[in-house]
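Coordinate analysis (summary)
If you want the building blocks of each chain, they are given just below.
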Amino acid sequence: MSTQEQSTDLRRVISTTTGLPTTDGAGVNMTRLIGTSELDHLDPFLLFDVFESDNPDDYIAGFPSHPHRGFETVTYMLAGQMRHRDNAGNEGVIRAGGVQWMTAGRGIIHSEMPEQEDGLMWGTQLWVNLPQRDKMTAPAYREFAAAEIPLERRDGNIEIRVIAGKSGAVADRPTEPVYLDVALPANSTFSEDVPNTHNAFVFIVEGALWVDGLELQSRTMAILGDGTQMFAETKDIASRFLLIAGLTLNEPIARGGPFVMNTQAELKQAIDDYQSGRF
Ligand code: MN
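Here we summarise the structure given alongside this text. As the structure is a computational prediction, the values presented were derived from the model and not from experiment.

**Focus on the overall build of the protein**
The secondary structure content of the protein amounts to 2 helices and 23 strands. Relative to the globule expectation of 19 Å for 279 residues, the C-alpha radius of gyration of the protein, 19 Å, shows essentially globular dimensions. A principal-axis box enclosing the C-alpha atoms of the protein has dimensions of 60 × 45 × 35 Å. The buried share of the protein, taken over its 279 residues, is 51%.

Printed below as a string of structure tokens:
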């Protein structure tokens, strides 16, 4: 292989979105960026929500008891706190900087409720599909407080919270997810290898990030094209952003609300099992 052929293949920006306003749960107002009429899914990601409000009317109703089957949910709190409880007796509070990685597998019924009556509630929830072979796996929870998430420091005061990835808090999921929270000072550059087998996107949490010649503003998501490396830079202001990637499954998706299976028959079975108390 020549030197030129070894040069990295940078991922371009193929589209950007600021999502669509959505109401879910018992009346939580949020922004949905994946799982919309505009972007149904980004294999293996089925949904990406951002809730951000200091008005309790936007979040206080929470997400009372509801089921899931066939995928994983990843809740990352940026501000505020959320209590979850499930039908297996698990319970906990996710606080700012903390992550809950829940494998719904064959089925779980849980609630996700704000553990606050006022103040800023800010966070994200990502749904990560499970491959066909793992959809009926046993449900499992993993929780990490902010201090339990590996922090990678790079030259130039770059800080990377590695929620998922080879050196991440979560490193063994079937979709080989990468989930980084990157704090990039002004006038800095960032590069990260992301395997070509993965779909990838970035979400700008704060500041402005330049990728592929485009200035991505705060609260913008950019879908990255094929390639083996992500490259980004900041100019005169710092940026905090999420880099999220996962192995493309290329399996059929049969989706009905909180259940995501491969066939309509499996979806019908999920509804039957839930309604018959088999979760
Ligand atoms: Mn849920």
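On we go from here.
**Here's the deal with the coordination of the manganese ion**
At the metal site, the manganese ion is ligated by His 66 (NE2), His 68 (NE2), His 110 (NE2) and Glu 112 (OE), and these contacts range over 2.1 to 2.3 Å. Linear spacing of the donor residues for the manganese ion on their chain is H-x1-H-x41-H-x1-E. Here His 110 lies in strand β10 (residues 108-114) and His 68 lies in strand β5 (residues 63-68), a separation of 42 residues in the sequence. You can call His 110 buried: its relative accessible area is 1%.

**What about the nonpolar core?**
Phe 48, Leu 126, Tyr 179, Phe 201 and Met 221 are the most contacted members of the largest nonpolar core, which totals 30 residues. Looking at which element gives the most residues to this core, the answer is strand β6 (residues 71-79), with 4 residues. When near neighbours in sequence (up to four residues on either side) are disregarded, Tyr 179 contacts Val 74, Tyr 76, Thr 124, Leu 126, Arg 161, Val 162, Ile 163, Ala 164, Leu 242, Leu 243 and Ile 244. Within the second largest apolar cluster, 23 residues are counted, among which are Ile 160, Leu 184, Val 202 and Leu 224.

**Re the packing of aromatic side chains**
If you walk through the whole model with that rule in mind, you get 9 aromatic pairs. Judged by centre distance (5.6 Å) and plane angle (75°), the ring pair of Phe 48 and Phe 203 falls under edge-to-face. Highlighted residues: Phe 48 in strand β4 (residues 45-53) and Phe 203 in strand β17 (residues 198-211), separated in sequence by 155 residues. Comparing Phe 48 with Phe 203 shows no difference in burial state: the two are buried. Through a chain of ring-to-ring contacts, three or more aromatic side chains come together here, namely Phe 45, Phe 48, Phe 201 and Phe 203.

**Details of helix α2 (residues 264-275)**
Under the 1.5 Å per step criterion, the end-to-end length of α2 is 17 Å for 12 residues, consistent within 8% with the ideal 16 Å. Listed in full, the buried residues belonging to α2 are Leu 267, Ala 270 and Asp 273. Viewed along the axis of α2, the buried residues span an arc of 125°, placing them on a single side of the element. Away from its buried face, by an angle of more than 90 degrees, α2 presents the exposed residues Gln 264, Ala 265, Lys 268 and Gln 275. As for α2, its buried residues are in contact with β22 (254-256) and β23 (259-261).

**A short note on the pairing of β10**
Where burial is concerned, most of β10 is hidden: 6 out of the 7 residues are buried. In this sheet, β10 lies alongside β5 in antiparallel orientation, the contact comprising 4 bridges. By the bridge assignment for β10, His 66 is matched with His 110. Examined bridge by bridge, strand β7 (residues 82-86) and β10 share 5 bridges and lie antiparallel to one another. Residue pairing for β10: Met 82 is matched across the bridge by Pro 114.

**Topic: the pairing of β4**
Side-chain positions along a regular strand alternate between the two faces of the sheet. Of all the 9 residues making up β4, 8 are buried; the element is thus mostly covered by neighbouring parts of the structure. Across 3 bridges, the pairing between strand β3 (residues 28-34) and β4 is antiparallel. Looking at the pairing, Ile 34 lines up with Phe 48 of β4. Across 8 bridges, β4 lies against strand β11 (residues 121-129) in antiparallel orientation. Looking at β11, one finds that Val 50 is bridged to Thr 124.

**Quick word on the side chain of His 110**
In this structure the side chain of His 110 is engaged in a polar contact, spanning 3.0 Å, whose partner is the side chain of Glu 112. Residue contacts for His 110: discarding those within four places in its chain leaves Phe 63, Pro 64, Ser 65, His 66, His 68, Arg 85, Asp 86, Met 102 and Tyr 141.

The rules we used
Residues numbered from 1 in each chain as written. Predicted model: local features only at pLDDT ≥ 70, side-chain atom pairs only at ≥ 80, totals over all residues. Heavy atoms only, no water. Helix = DSSP H or I, 4+ residues; strand = E, 2+ residues; numbered from the N terminus. Rg over C-alpha atoms; globule rule 2.2 N^0.38 Å. Buried < 20%, exposed > 50% of the residue type's maximum accessible area, 1.4 Å probe, protein only. Donors = N, O, S within 2.8 Å, 3.2 Å for Na, K, Ca; no water. Core = buried A, V, L, I, M, F, W, Y, C linked by side-chain atoms within 4.5 Å. Contact = heavy atoms within 4.5 Å. Phe/Tyr/Trp six-rings, centres within 6.5 Å; stacked < 30°, edge-to-face > 60°. Expected span 1.5 Å × (residues − 1). Arc of directions from axis to C-beta. Pairing = 2+ DSSP bridges. Polar contact = N/O pair within 3.5 Å; in protein donor to acceptor, adjacent residues only side chain to side chain.

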